[in-house]
Amino acid sequence: MAVIGILPLFSFFTFNVCEVANSNVIFVKNQTQLALDTQDFQMSRYHAFKAISGIWKAQYSFSECECDGLATNMDLAAKNLKEATKALTLEDQKVFLKIAMQNTVIGMTAIEGRHKTGKRNTIQNETIEAAKTVDTSRKLVEETYLKQIEEALSKFENSLNNVVALEDCQNAYKFIRAMQDETHEKLGKKNLTNRKIYYLTRVVEITNAALLKINSDCSSLSLTGK
């Protein structure tokens, strides 16, 4: 009799946990949608942070509700929401928000089909596809950052060309050489990100080109690095 009494209690507990999980997933979905809908960068971040908070508070219900793919997809949603809050542009922000929304919707599907074993393979496949989408989108974001870096470097190169054209050879050489030496020092530091290494390496290339031009234009002068 004791066992018979425990089983309904366990089922009731699971049902309640899943209801709580479902309510929290809906909250996360709504906040993510608000973040997607707004064109205000800071408001988008605000709603993304609220969605993250909702996931953190509901982690227990996500793990306790026996739904294939729920906890995994909500964890992915949290990671992509975090990436959205770190984005530097609204466009990049939207990329990660869309992925987070996809993860969240899959989580909702997991709750709806928690007792329908036929949906398990579908949920797993959707999770795999979502992971592939994350990788693809991150590559797109990386390309966007590289484009922004190159645009900044182009302006930097134009500035150096002006220095070479307008300053006397000695001053221009010393100024650019000092800048290059400083860049080399930065490149020697540990734990640099790939983006930082790329940027600093390009700065060295650009300053090298400027120094070569000065050497060519001012070949009759004795130029020193310091």
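Residues numbered from 1 in each chain as written. Predicted model: local features only at pLDDT ≥ 70, side-chain atom pairs only at ≥ 80, totals over all residues. Heavy atoms only, no water.

A. Summary view of the overall build of the protein chain. The helix and strand tally for the protein chain stands at eight helices and zero strands. In the protein chain, the order of α-helices and β-strands from amino to carboxyl end is α-α-α-α-α-α-α-α. Taking the contacts inside the protein chain whose residues are at least 6 apart along the sequence as the reference set, 74% of them involve residues at least 24 apart. Accessible area for the protein chain stands at about 13,500 Å²; split by element, carbon and sulfur atoms hold 56% of it. (Helix = DSSP H or I, 4+ residues; strand = E, 2+ residues; numbered from the N terminus. Contact = heavy atoms within 4.5 Å. Areas by Shrake-Rupley, 256 points an atom, 1.4 Å probe, with all protein chains shown as cover.)

B. Region of the structure containing the environment of Asp75. Locating Asp75 in the fold gives a position in helix α4 (residues 70-86). According to the relative accessible area criterion, Asp75 is partly exposed, its value standing at 37%. For the pair Asp75 and Ala100, spaced 25 residues apart in sequence, the C-alpha separation works out to 9.5 Å. (Buried < 20%, exposed > 50% of the residue type's maximum accessible area, 1.4 Å probe, protein only.)

C. Looking closely at the pattern of salt bridges. Following the criterion strictly, the structure yields five salt bridges and no others. In this structure, the salt-bridge partner of Arg177 is Asp181, at a minimum N-O distance of 3.3 Å. Of this pair, Arg177 and Asp181 both sit in helix α7 (residues 169-187), four residues apart, which is roughly one turn of the helix. In this structure Asp181 comes out as buried when scored by relative accessible area, which is 17%. Of the charged contacts in the structure, one is a salt bridge between Glu182 and Lys186, with a shortest N-O distance of 3.7 Å. Here Lys186 and Glu182 lie together in helix α7, a separation of four residues that amounts to about one turn. Classification of Lys186 by relative accessible area gives partly exposed; the value is 33%. Where salt bridges share partners, they join Glu150, Arg202 and Glu205 into one cluster. (Salt bridge = Lys/Arg side-chain N within 4 Å of Asp/Glu carboxyl O.)

D. A look at the nonpolar core. In terms of nonpolar packing, the biggest core is built from 29 residues, with Ile55, Phe62, Leu70 and Leu81 touching the most fellow members. Listed by contribution, the elements that provide at least two residues to this core are α1 (2-37), α2 (41-57), α4 and α5 (90-112). Per element, the largest residue contribution to this core is eight residues, and it comes from α5. Leu81 has contacts with Thr32, Ala48, Ala51, Ile52, Ile55, Leu97 and Ala100, leaving out every residue within four places of it along the chain. Membership of the second largest hydrophobic core comes to 15 residues, among which are Leu153, Phe156, Ala210 and Cys218. (Core = buried A, V, L, I, M, F, W, Y, C linked by side-chain atoms within 4.5 Å.)

E. How the structure looks around the side chain of Ser44. By the secondary structure assignment, Ser44 is in helix α2. A relative accessible area of 0% means that Ser44 is categorised as buried.

F. Looking closely at the environment of Asn161. On the secondary structure map, Asn161 appears in helix α6 (residues 120-166). Separated by 53 residues in sequence, Asn161 and Ile214 have C-alpha atoms that sit 10.0 Å apart.

G. View of α7. The end-to-end C-alpha distance of α7, which contains 19 residues, comes to 27 Å, matching closely the 27 Å that a straight helix rising 1.5 Å per residue would cover. The N-capping residue of α7, defined by a side-chain oxygen 3.2 Å from the backbone nitrogen of Gln170, is Asp168. (Expected span 1.5 Å × (residues − 1). Polar contact = N/O pair within 3.5 Å; in protein donor to acceptor, adjacent residues only side chain to side chain.)

H. Representation of the confidence of the model for the protein chain. Of the residues in the protein chain, 74% reach a pLDDT of 70 or more, and the chain-wide mean stands at 76. Confidence drops under a pLDDT of 50 for residues 1-15, and excluding neighbours within four residues, the segment shows four contacts in the predicted structure. (pLDDT = per-residue confidence, 0-100.)

I. Spatial organisation of the packing of α2 against α5. Look at α2 against α5: their axes get within 10 Å of each other, and the N-to-C directions meet at 25 degrees. Regarding the angle of α2 to α5, the classification is roughly parallel. As for how α2 packs across α5, the hand of that crossing is left-handed. Counted together, Phe41, Ser44, Arg45 and Ala48 of α2 and Leu90, Gln93, Lys94 and Leu97 of α5 form the full contact between these two elements. Split into classes, the residues belonging to the contact of α2 with α5 amount to four nonpolar, two polar and two charged. (Axes fitted to C-alpha atoms, helices over the stretch in contact; angles between N-to-C directions. Parallel < 35°, antiparallel > 145°, perpendicular 65-115°, else oblique. Left-handed = near helix turned anticlockwise from the far one by under 90°. Nonpolar A, V, L, I, M, F, W, Y, C, P; charged D, E, K, R; others polar.)

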